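Structural overview
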Amino acid sequence: MNRVAFLVRSYNESAEVVRENMSALDRALGSRGGWDVTVVFVEDGSAPALALRPTEFGLAHADLVFVRHPIRLGPGAALETAMEYVRRSAAPFEAIATFDPDGQHVPEELCTMVETLLAGGVDCARVSAVVMGSRFLGTTTSMRPARRRLLRAARWLLRLFYGFQLTDAHNGMRVFTRRALESIRLKSSDFSYASELLEELRKAGARLHEYPVTIRYTDYSRRKGQKNANALAILKEMILRKLVP
Amino acid sequence: MIYRLLGLVVLAYFFLSLTGLRRRRAVASRVLAVYQLILLFIILAFLFPDASNRAAHFVGITRGADFGIYSLSLFFLFLSFRLVQVSRASQESTQRLVREIALQQAVLLRRRGS
């Protein structure tokens, strides 16, 4: 039986949206057998706190670990907390998947990404490999042109800074082997963690594969998600990381 | 002349305050040494303006005042990078602390039937 961890972070999410997405994940897990799943849910100091008790997540096919930051640290730090839980865990997780519970991601596709990684027959404890979701290989609904242009620019910057030829630099759907996860230590607390993560993977010599995924832009996710103006802050962080390691 | 004297008093006051901080070990002595060195240069430039001109000529700059401005620009650049480092280190400590507390208080819910 494969041990799989799903890392989910949440900040000021609506209880209804979280419940909907966790149910969608549970349905996707229910249609698959042979996995021993743990969901690590990090609540990043939301104010007001998430109006959903861990018992109300509706997960019937996975264990749930609920971690709450007493104060807000940021999306990068929340992901690092979830990763740290997995690193410290005695359970031999083989695949570790990340996604956001704001409705942009399709849990069913994430499960297929996990299957893709496990089907490759890689030794997850020894091989550093990651399957990254790509909205440019898959489909997107209602993406604004400005966001599309920005993500294309990010693709070129990523190539320039880290030498990766990815089509989608900032996609929250990722599946890591245990070995890949062990090699990552995120220091960036904000959204610039995505480029730091790639830098860490480059240092570790990880193999990166892209998988076409669907990203659904809804009014809710637009309100909640990254603003285009964050791009400058991310670029500044990328430059600073090169100058002040 | 009076402005020069006032300036010197202020600079001397800063210099002595830094020495006090050094004695109390409130700030890393390496950092304080850099600040004291800079203050010493400024005091010397106040006392001997011609010397600053000579120092400027020595490094290929026309005026002592220009030399001062270039040096200060470099110093501020160094200072901003240093501040980035310090603020990042402090942010990382906070993160580690909050993460540790959060992980210690993590709640584990086993699925039904397991």
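Here we come to the environment of Arg202(A). As for its placement among the helices and strands, Arg202(A) is situated in helix H6 (residues 193-203). Between the C-alpha atoms of Arg202(A) and Ser183(A), which are 19 residues apart in sequence, the distance is 10.0 Å.

A few words now on the packing of helix H2 (residues 75-88) of chain A against helix H4 (residues 64-104) of chain B. When two helices pack together, their arrangement is given by the angle between the helix axes and by the axis-to-axis distance. For the pair H2(A) and H4(B), interaxial distance at closest approach is 10 Å and the crossing angle is 55 degrees. Taken as axis vectors, H2(A) and H4(B) run oblique relative to one another. In this structure, the crossing between H2(A) and H4(B) has a hand that is right-handed. On the side of H2(A), the interface is formed by Ala77(A), Glu80(A), Thr81(A), Glu84(A), Tyr85(A) and Arg88(A), while H4(B) contributes Gln95(B), Arg99(B), Glu100(B) and Leu103(B). Among the residues forming the contact of H2(A) with H4(B), the class breakdown is three nonpolar, two polar and five charged.

What the rule picks out here adds up to five aromatic pairs over all chains. Consider the rings of Phe41(A) and Phe66(A), whose centres lie 5.9 Å apart with planes at 10 degrees: the pair is stacked. In this pair, Phe41(A) sits in strand S2 (residues 35-43) while Phe66(A) sits in strand S3 (residues 63-68), placing the two residues 25 residues apart along the sequence. For the pair formed by Phe41(A) and Phe66(A), the shared burial category is buried. On the basis of an interplanar angle of 50 degrees and a centroid distance of 5.7 Å, the ring pair of Phe75(B) and Phe76(B) is categorised as tilted. According to the relative accessible area criterion, Phe76(B) is partly exposed, its value standing at 48%.

Conventions adopted
Residues numbered from 1 in each chain as written. Chains lettered and ligands numbered in written order. Predicted model: local features only at pLDDT ≥ 70, side-chain atom pairs only at ≥ 80, totals over all residues. Heavy atoms only, no water. Helix = DSSP H or I, 4+ residues; strand = E, 2+ residues; numbered from the N terminus. Axes fitted to C-alpha atoms, helices over the stretch in contact; angles between N-to-C directions. Parallel < 35°, antiparallel > 145°, perpendicular 65-115°, else oblique. Left-handed = near helix turned anticlockwise from the far one by under 90°. Contact = heavy atoms within 4.5 Å. Nonpolar A, V, L, I, M, F, W, Y, C, P; charged D, E, K, R; others polar. Phe/Tyr/Trp six-rings, centres within 6.5 Å; stacked < 30°, edge-to-face > 60°. Buried < 20%, exposed > 50% of the residue type's maximum accessible area, 1.4 Å probe, protein only.

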